[in-house]
Amino acid sequence: MTSPSIAWFRDDLRLADNPALRAAIDRGEPVIALYVFDEESPGIRAIGGAARWWLHHSLASLDERLRDRGGALVLRRGPAERLVRETVTEVGAGAVFWNRRYGGPEREVDSALKSSLRADGLEVASFAGSLLHEPWTVRTGGGTHYSVFTPFWRACLALPAPRSPLPEPRSILGPTHMPPSDTLDDWNLLPTTPDWAEGLRETWEPGEPAARQRLKDFLEHDLPSYDRARDEPSAGATSLLSPHLRWGEISPFTVWHEAVGVEGAGGFLSEVGWREFAWHTLYHSPDLASENLRPEFDAFPWPPLNPAHLDAWQHGETGVPLVDAGMRELWRTGYMHNRVRMVVASFLVKNLLIDWRLGEEWFWDTLVDADEANNPFNWQWVAGSGADAAPYFRVFNPELQAKKFDPQSLYISRWAADAPTEPIVDLGETRKVALAAYEQVKRAPRTGRG
Ligand SMILES: Cc1cc2nc3c(=O)[nH]c(=O)nc-3n(C[C@H](O)[C@H](O)[C@H](O)COP(=O)(O)OP(=O)(O)OC[C@H]3O[C@@H](n4cnc5c(N)ncnc54)[C@H](O)[C@@H]3O)c2cc1C
């Protein structure tokens, strides 16, 4: 009588450097690879449209790779705690393994399952697969967590080096009888009426092999110009690894070890460090997407929402060329260059005086790399309410930013050649209004939430 091992896949849709999968294989019993599409557990944030598109293709790729090695993916949709337990019973599993998640609601699901499965006598183990350093291991001298990036990253670099990535399994012992599985099509993750995903299909190839290739190409061709050109949206100098990292198609350990020995990789790796910092911040402040990290920003006097302004911003119709180019790139491809993300976010929050949470929600729905930590963390960074945030008075001027980072208008003419040219607001006037509103924040009590 066998007692299969369940490798529960979550934001780690890969075979290489997947410690949970490795543990399941090493246990020597048949392996059930399980993915649960959970939008029902309390507090879990349903993923956005672009993310659903990515997830569909990434799961299809993972299933194919598992099948090539003798396994297959079992798909279930619903609350994870119930479905994992049901799967355990159905297959008579003796062990469940997973790589850790760091969002608050996810941690609650995982720890409840860990306790109940262990109480039933199962072997259960969780592993570090998504972050280079576990959030509870990076501590200030006083035992607290860091709220400023530079000392945080210095502390990370002083820790023992991240572990080496694990090799990809060559074969997987599947069960004799596969338990029933949903099909991906059952989940309707792809847009149909209308099918707006053409630009995503043109731009991206989800899945682990494409992620590995992207890292290789970046290190070979783009890394030398990264520090110089990473802020120029038309230069193609950044790695474009963010959706692959978001879905765990490649692990940060693999990225780290392949890049760390390459000359000039420090700047790139410190961006990977910002990803760590955002996730550690979420771990310590699970309400990152809804609450200002700095509570004094609760006093910010947001004016009543102007829906026409929000709509113009979302659809790249503001008449401000760099903003419209960015928002159109996002709509078409599910991605926007980092410099432009900062500019469009600053424009929304400080020129249109629209609450950062509405911008965060739009990005959540439209970005293929949208994740629970990086998205709200960066919105709060731009809004001034976040950890180690840009000072509020630093209002990005989209015209000066365009002159500096897109001097030949290559990016603007690619994405916003036919955009309106009359700005919907006066940049100088709205900046003054925003700075005046900020006076109320300055008068509010300053105590940290994070
Ligand atoms: C308002 C706003 C919202 C954002 N939302 C997200 C999001 O939902 N998901 C997301 O992955 N990134 C987000 N970012 C961060 C950043 O814009 C993207 O990670 C980056 O543009 C991805 O491109 P790349 O992979 O070519 O980056 P590279 O420059 O090649 O960087 C390598 C990796 O480092 C990480 N990284 C880079 N910059 C940051 C950063 N500022 N914060 C955290 N991690 C970073 C990413 O994982 C990235 O893939 C946001 C930034 C802003 C200003």
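Procedures and definitions
- Residues numbered from 1 in each chain as written.
- Predicted model: local features only at pLDDT ≥ 70, side-chain atom pairs only at ≥ 80, totals over all residues.
- Heavy atoms only, no water.
- Helix = DSSP H or I, 4+ residues; strand = E, 2+ residues; numbered from the N terminus.
- Rg over C-alpha atoms; globule rule 2.2 N^0.38 Å.
- Buried < 20%, exposed > 50% of the residue type's maximum accessible area, 1.4 Å probe, protein only.
- Contact = heavy atoms within 4.5 Å.
- Areas by Shrake-Rupley, 256 points an atom, 1.4 Å probe, with all protein chains shown as cover.
- Lys, Arg positive; Asp, Glu negative; His and termini not counted.
- Charge placed at Lys NZ, Arg CZ, Asp CG, Glu CD.
- Near = heavy atom within 4 Å.
- Polar contact = N/O pair within 3.5 Å; in protein donor to acceptor, adjacent residues only side chain to side chain.
- Domains from an automatic or database assignment.
- Buried area = accessible area lost by both parts, 1.4 Å probe.

A. Broad picture of the overall build of the protein chain. A tally of helices and strands in the protein chain yields 18 helices and 5 strands. For the protein chain, the C-alpha radius of gyration of 23 Å lies close to 22 Å, the compact-globule estimate for 450 residues. Each of the three principal axes of the protein chain carries a C-alpha extent, and together these read 75 × 50 × 45 Å. Scored against the burial criterion, the 450 residues of the protein chain give a buried share of 58%. For the protein chain, the proportion of contacts with a sequence separation of at least 24, taken over those separated by at least 6, is 81%. Summing over all exposed atoms, the protein chain offers an accessible surface of approximately 19,100 Å²; the carbon and sulfur share of this is 51%. Treating the 47 positive side-chain charges of the protein chain as one cloud and the 63 negative ones as another, the clouds have centres 5 Å apart.

B. Examining the site of the ligand more closely. Around the ligand, the structure places 27 residues, and the nearest of them are Y226, T238, S239, L240 and N338. With respect to the ligand, the side chain of N338 contributes an N or O atom lying 2.7 Å from an oxygen atom. Protein chains bury 97% of the 830 Å² of accessible surface belonging to the ligand in isolation. Breaking the shell around the ligand down by element, the ones donating at least two residues are α8 (242-246), α10 (266-284), α13 (338-351) and α15 (374-383). Counting residues per element, the shell around the ligand draws most heavily on α10, which supplies 5 residues. Lining the shell around the ligand are residues from two domains, each supplying at least three of them: domain 2 (131-162 + 208-284) and domain 3 (295-443).

C. Summary view of the domain arrangement of the protein chain. According to the domain assignment, the protein chain contains domain 1 (1-125), domain 2 (131-162 + 208-284) and domain 3 (295-443). The C-alpha-based centres of domain 1 and domain 2 are spaced at 25 Å. Between domain 1 and domain 2, the contact holds 18 residues from the first and 20 residues from the second. Across the interface of domain 1 and domain 2, roughly 1,700 Å² is buried in total on both sides, 55% from carbon and sulfur atoms.

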